[in-house]
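Breakdown of the fold
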Amino acid sequence: MALAAGITLEARGDLAEARLPLRDRIAVWIGLSAITAIAWVWLIRMPMPMNGGMAGMQMAMPMPHRWSTADLALTFLMWAVMMVAMMVPSAAPMVMMYARLVRPRTRAPQLCIWLFTLGYLCVWTGFSAGATLMQSALQYAAIVGDELRATPIIGALLLAAAGVFQFTTLKDRCLAHCRSPLGFFMTEWRDGPRGALAMGLRHGSYCVGCCWMLMALLFVAGVMNLLWVAAISALVLIEKISRFGRPIARGAGLLMIAAAVLVGMRG
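The notes below deal with the structure included here. Predicted model, so just to flag it, every value in this text is computed and none were measured. In this numbering scheme, every chain counts its residues from 1 along its sequence in written order. Where totals are concerned, whole chains, interfaces and linings use all residues; where local detail is concerned, this predicted model gives features only for residues with pLDDT of at least 70, and gives and counts side-chain atom pairs only at 80 or more. Think of the side-chain values as coming from all heavy atoms in the structure, minus any hydrogens and water.

1. A look at the overall build of the chain
Regarding its fold elements, the chain presents eleven helices and zero strands. Each helix and strand of the chain, placed in order from N terminus to C terminus, yields the pattern α-α-α-α-α-α-α-α-α-α-α. With a 1.4 Å probe rolled over the protein chains alone, any residue whose accessible area is under 20% of its type maximum counts as buried; one over 50% counts as exposed, and the rest are partly exposed. When each of the 267 residues of the chain is scored for burial, the buried share is 46%. For the chain, restricting intrachain contacts to residue pairs at least 6 apart in sequence, the fraction spanning at least 24 positions comes to 79%. A 1.4 Å probe and the Shrake-Rupley method give the accessible areas. Residues count as covered only by the protein chains that appear here. Carbon and sulfur atoms form 68% of the exposed surface of the chain, whose accessible area is close to 12,900 Å². Strands are runs of DSSP state E lasting at least two residues, helices are runs of H or I lasting at least four, and both sets are numbered from the N terminus onward. Here, two residues are considered to be in contact whenever any of their heavy atoms come within 4.5 Å of each other.

2. Examining the environment of Pro193
Looking at where Pro193 falls in the secondary structure, it is placed in helix α8 (residues 192-216). Once you skip the residues sitting within four places of it in the chain, Pro193 turns out to touch Leu111, Cys112 and Leu115.

3. Brief notes about helix α5 (residues 152-165)
Here α5 contains 14 residues, and its C-alpha end-to-end distance of 20 Å stays within 8% of the 20 Å for a straight helix at 1.5 Å per residue. When we look at burial in α5, the residues that qualify are Gly155, Ala156, Leu158, Leu159, Ala162, Gly163 and Phe165. Lining the buried residues of α5 we find α6 (169-179), α8, α9 (218-221) and α11 (245-266). Take the number of residues in a helix, subtract one, and multiply by 1.5 Å to get its expected span.

4. Details of the nonpolar core
The biggest cluster of nonpolar side chains holds 76 residues, and the ones touching the most others in it are Met82, Tyr98, Trp124, Phe185, Met215 and Leu218. Sort the elements by how many residues they give to this core and helix α3 (residues 69-102) lands first, with 20 residues. Nine residue types can take part in a nonpolar core, namely buried Ala, Val, Leu, Ile, Met, Phe, Trp, Tyr and Cys, and a core is a set of them joined through side-chain atoms within 4.5 Å.

5. Digging into the pattern of salt bridges
By definition here, a salt bridge exists when the distance from a side-chain nitrogen of Lys or Arg to a carboxyl oxygen of Asp or Glu is within 4 Å. Counted by the stated rule, this structure contains six salt bridges. The closest approach of N and O atoms between Asp172 and Arg246, which form a salt bridge, is 3.1 Å. Within this pair, whereas Asp172 is found in helix α6, its partner Arg246 is found in helix α11, the two being separated by 74 residues in sequence. For Asp172, a relative accessible area of 18% gives the class buried. Note that Glu188 is salt-bridged to Arg202, the shortest N-O span being 3.5 Å. Here Glu188, found in helix α7 (residues 181-188), pairs with Arg202, found in helix α8; they are 14 residues apart in sequence, far enough to count as distant. The structure contains a network of salt bridges with shared partners spanning Arg23, Asp24 and Arg103.

6. Re α11
Over its 22 residues, α11 runs 31 Å from end to end, which matches the ideal 32 Å to within 8%, given 1.5 Å per residue. If you check which residues of α11 are buried, you get Gly245, Ala249, Ala252, Gly253, Met256 and Ala260. Within α11, the buried residues cover an arc of 110° as seen down the axis, which keeps them to one side. Opposite the buried face of α11, by more than 90 degrees, sit the exposed residues Pro247, Leu254, Leu255, Leu262 and Met265. Summarising the contacts, the buried residues of α11 are in contact with α5, α6, α8 and α10 (226-241). For this quantity, the arc is that covered by the directions from the helix axis to the C-beta atoms.

7. Side note on the packing of aromatic side chains
Each aromatic ring pair is characterised by the separation of its centres together with the angle its planes make. Stacked, edge-to-face and tilted are the three classes for Phe, Tyr and Trp ring pairs, Trp counted by its six-membered ring, which pair at centre distances within 6.5 Å; planes under 30 degrees apart are stacked, over 60 edge-to-face, the rest tilted. Per the counting criterion, the structure on display carries ten aromatic pairs. When the centroid spacing of 5.8 Å and the interplanar angle of 45° are considered together, the rings of Trp79 and Phe219 count as tilted. Taken together, the residues Trp79 in helix α3 and Phe219 in helix α9 connect sequence positions 140 residues apart. Like Trp79, the residue Phe219 is buried in the burial classification. Between Phe184 and Phe185, the ring centres sit 5.2 Å apart and the planes meet at 80°, which makes this aromatic pair edge-to-face. For the pair Phe184 and Phe185, a shared accessibility class is recorded, and that class is buried.

Here is the structure:
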């Protein structure tokens, strides 16, 4: 890949030249923090109906008929904002590493940094579209109720599937890419703004591959149960940044399987 020699040198420990000035580090952190905070505030301030459903909009209610375009659009907006709130924090180490590597290699590092981030979020936006269609189908089939929570049997199946997925090769491979920012750029590097966007899309794809089953667990305790949303966000973050990320992922998988048994027995 382009600049592979330079990145290889950095992989050997010569990262001093790629170190971001304090001002640039602060700018990136403020930008990522602002995006995350705005998304969380939007979720927290969404009007909640008395029955505990997602929002005071028709999109949150179980519907005996097919959803309208407005229902789909509003639900898609909810999912897209929620994915920003949940996933931007876990992407921060990758964005910071990219900022370090791209700064000496382009005249427009800020543009490249935000294009990389945009590419990452575009993939999760695509995931949000799929989640919207899944939610509409589940509600139409009365599998998900007015609190956007799956029936006990479906919840147990989701927990079991997510638990088993934590032990799969796909999970390990995608998590390895997410946990090794420098390793990712050594194999995926592309120059320029278009390269930044392409790498963001690539990283987003690995991230979705790592976390998609965890996002399906949102239906277990309620899609807009914000404590549950925060708990899954924390698990995603810990898996990616902790030195024990892989054992934690597998430990969480065992807990999910055990929880599936309990939920299934209650159902």
